[in-house]
Amino acid sequence: MAFSSPHIMPENPIDFRAPPPSPIASGRRSSVANDDVLTEFLEHSLRVPDLVLPDKIFPRQKIVETPPSIDFQSLHSPGSDSIPRILDSLSRMGCFQLVNYGIPSDFTRMVLTMAAGIFKVPPKQRLTVTRSPEKPYGFEEVHGEEESELSEEFVWYRDEKLKLDMETIMEARYSNFSEKMEALVSDMENVAEKIMQIVRENSERKTMYGGDILQGQDLVGSVCYVCKHRNNRRANYLGYDVIKMLIRGTDYSHALCLHICDGSSEFHVYSKKGWVSFSPDKDALVVTAGDQIQLMTAGLSGGQYKHVLGRPIFKGEQEDTISMAFLYSPPSFTSKSEMGKTISLGQQVIVAIVLSVLYHFFVYFFKEI
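Residues numbered from 1 in each chain as written. Predicted model: local features only at pLDDT ≥ 70, side-chain atom pairs only at ≥ 80, totals over all residues. Heavy atoms only, no water.

Enquirer: Would you mind showing me how to read unusual backbone geometry here?
Expert: Both trends apply: most residues other than glycine have a negative phi, and most peptide bonds are in trans. Even without glycine at this site, Asn100 takes up a positive phi of about 55°. Among the structural elements, Asn100 can be located in the loop between β3 (95-99) and α3 (105-116). (Helix = DSSP H or I, 4+ residues; strand = E, 2+ residues; numbered from the N terminus.)

Put into C-alpha cells, the structure is as follows:
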C-alpha cells in the first residue's frame, strides 16, 4: 500500500497580509465613488485653517508718547492748567503721571521691600492662600516653570481671613507688612479720590438713578496687585506678559489704577487702539483709567476716557524687583442689581479671538459644502 509523503512546509514563515476589502455588490452602490475622493475629502476636512489675529486685537506697532507729569499740589491752585491736562491725557491716552502727591518715597520703598518677603513663602504653603473663584485674594496660581520664571503676583485686600491665613504662614512678618500696607492704601485712596472728584466735576452724564455710571463688584474697596518681576532677558518675555496682563489684569472692575513702578525702564499702556510706551519719571505714580471711569463718561460730547491696561517693564535689572498696582473703586456707585454687568477689556479680547476662529471655521465649512 503506497503512502503519499506529507507536504513539507518551507522554513521561512509566510508573509501573511490582510486580504483587500471585498468589492461591493453591484446591487449596493457605495456613496463614495473611489478612494481618491474619500482621501481628498478627509484631507480638506482635517486641515486646520491658518488664522491671523487682526491688529485691532494685538497691534504690532508701539507708539512712543510720554504722558504729562502732573504736580498733585498744583490741583489746589486756582488758575492752574493741571486739570485740563489730566482730562486731555485721560481722553487721548487713558493715563498720566503724578508727582509730589504727598506720600514719602522712603515709606513707599520700605513697603515694597517688605512685600518682597511674601514671595519667599514656599509653593506648598501657598496652596492655602491661592486665588480661586471662591477666594479672590492671595497668590496667583502658577501653571508651569515658564510662568514662574517671568513674574509672580499676590493680590492684597482688606480681609480678615487673608490676614489670618498669611499670619499662620509668615507670623509677625505679615502683620508688620499688613499694617504698613493699610497705611499706604489709605494714602493712595485719598489721592485717587481727589482725581475722581475732578472727573466727576467735569462729567455731567448721570444714570436714571441719579448716580454716576459705575459698576459694582464683589470686593468693595481698593485691591492691590503686588508683582515680583524676575530678571529675565528672553525675547518672548513681552509677548507672554501681554497675554497674562490681558487675562488677569482686569479681574476687578475699577475706576482708577495707581501704579508704583519706581525703577522701571518702560511702562506699557494697552488699549483697543494700540500700545503706548514711555519711560516713567522718577518717583512718579502712573495713573491709568479703568472700566468704571470710561463707562461714567461714555457718550459725552467731548468724547470718552479710555479704559486701558498698564504694565511696568524692568529691563537689565540684576535683581528681582517689586511693583504695585492699586485698583481704586469709589465707595458710592451703582450696584450690579441696578446696572448689570459690563464686559471688561480683557473679556472683549477673548470674545474677539473666539469669534475670529468661529468666523474662519464657518467660512471654510460652507465653502466645502
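Following the structure, the description resumes.
Enquirer: Help me understand the packing of aromatic side chains, please; the structure alone is not making it clear to me.
Expert: In this description, a pair of aromatic rings is defined by centroid distance and the angle of the planes. A full pass over the atoms with the stated rule returns 4 aromatic pairs. Ring geometry for Tyr174 and Phe177: centres 5.8 Å apart, planes at 55°, overall tilted. Of this pair, Tyr174 and Phe177 both sit in helix α7 (residues 172-201), 3 residues apart, which is roughly one turn of that helix. Comparing Tyr174 with Phe177 shows no difference in burial state: the two are buried. Plain terms: the ring middles of Tyr270 and Trp275 are 5.1 Å apart, the flat faces sit at 55° to each other, and that makes the pair tilted. Given a relative accessible area of 1%, Tyr270 falls into the buried group. (Phe/Tyr/Trp six-rings, centres within 6.5 Å; stacked < 30°, edge-to-face > 60°. Buried < 20%, exposed > 50% of the residue type's maximum accessible area, 1.4 Å probe, protein only.)

Enquirer: For this particular structure, what's the right way to read the sheet that holds strand β10 (residues 285-289)?
Expert: Either a parallel or an antiparallel arrangement is found when strands of a sheet pair, and the pairing is made through backbone hydrogen bonds. Overall, mixed pairing links the 8 strands, which are arranged β2-β3-β10-β7-β12-β6-β5-β4 in an open sheet. Strands at the two margins of the open sheet, each flanked by one partner only, are β2 (69-71) and β4 (138-139). Pairing geometry for β2 and β3, over 3 bridges, is parallel. Paired with Asp71 across the strands is Val99, a residue of β3. Relative to the sheet, α3 contacts β6 (223-229), β7 (256-260) and β12 (321-328), its axis offset from that of β12 by approximately 110°. (Pairing = 2+ DSSP bridges. Contact = heavy atoms within 4.5 Å. Axes fitted to C-alpha atoms, helices over the stretch in contact; angles between N-to-C directions.)

Enquirer: I would appreciate a short explanation of the nonpolar core in the present structure.
Expert: For soluble globular proteins, nonpolar side chains are generally found buried alongside one another. In this structure, Leu98, Phe154, Met181, Met324 and Phe326 are the most contacted members of the largest nonpolar core, which totals 62 residues. For this core, the element with the most residues is α7, which contributes 12 residues. Within the second largest apolar cluster, 9 residues are counted, among which are Met93, Cys261, Phe267 and Phe278. (Core = buried A, V, L, I, M, F, W, Y, C linked by side-chain atoms within 4.5 Å.)

Enquirer: What is the right way to look at helix α6 (residues 160-170) in this model?
Expert: Note that an α-helix has 3.6 residues per turn; residues three or four places apart therefore point the same way. Residues of α6 that are buried: Leu162, Asp165, Met166, Ile169 and Met170. Seen from one end, α6 has its buried residues packed into an arc of 115°, which puts them on one side. Opposite the packed face of α6, turned more than 90 degrees from it, sit the exposed residues Glu160 and Thr168. Structurally, α6 contributes buried residues whose contacts are with α4 (123-126), β4, β5 (151-157) and α7. Two to three positions downstream of the cap, the backbone nitrogen of Lys161 sits 3.0 Å from a side-chain oxygen, assigning the N-cap of α6 to Asp159. Looking at the residues trailing α6, positive phi occurs at Glu171, about 60°. (Arc of directions from axis to C-beta. Polar contact = N/O pair within 3.5 Å; in protein donor to acceptor, adjacent residues only side chain to side chain.)

Enquirer: Would you take a moment to explain the packing of α3 against α7 for this structure?
Expert: Between two packed helices, the angle of one axis relative to the other and the distance separating the axes together describe the packing. Where α3 contacts α7, the axes come no closer than 10 Å and their chain directions differ by 140°. Between α3 and α7, the interaxial angle falls into the category oblique. Note on packing geometry: the crossing formed by α3 with α7 is left-handed. On α7, the residues touching Phe107, Thr108, Met110, Val111, Met114 and Ala115 of α3 are Asn176, Phe177, Lys180, Met181, Ala183 and Leu184. Per-class residue counts for the contact of α3 with α7 are 9 nonpolar, 2 polar and 1 charged. (Parallel < 35°, antiparallel > 145°, perpendicular 65-115°, else oblique. Left-handed = near helix turned anticlockwise from the far one by under 90°. Nonpolar A, V, L, I, M, F, W, Y, C, P; charged D, E, K, R; others polar.)

Enquirer: Which parts of the structure should I look at to understand the pattern of salt bridges?
Expert: Between side chains of opposite charge, pairing is possible as soon as their charged atoms come close. In total, this model carries 13 salt bridges according to the counting rule given. Notably, a salt bridge pairs Arg311 with Glu153, separated by 3.0 Å at the nearest N-O pair. With Arg311 in strand β11 (residues 309-313) and Glu153 in strand β5, the pair connects residues that are 158 residues apart, well separated along the chain. No difference in accessibility class separates Arg311 from Glu153, as the two residues are buried. (Salt bridge = Lys/Arg side-chain N within 4 Å of Asp/Glu carboxyl O.)

Enquirer: Would you mind showing me how to read the environment of Val269 here?
Expert: Along the chain, the position of Val269 falls in strand β8 (residues 266-271). Linking Val269 and Pro312, residues 43 residues apart in sequence, is a C-alpha distance of 8.8 Å. Not counting chain neighbours up to four residues away, the residues in contact with Val269 comprise Met93, Cys95, Gly274, Trp275, Val276, Phe278, Val308, Leu309 and Gly310.

Enquirer: Is there a simple way to explain the side chain of Thr288 in this structure?
Expert: Topologically, Thr288 is positioned in strand β10. A polar contact of 3.2 Å, which involves the side chain of Thr288, links it to the side chain of His259. Residues in contact with Thr288, not counting those within four places in the same chain, are Gly94, Cys95, Ala255, Leu256, Cys257, His259, Phe267 and Val308.

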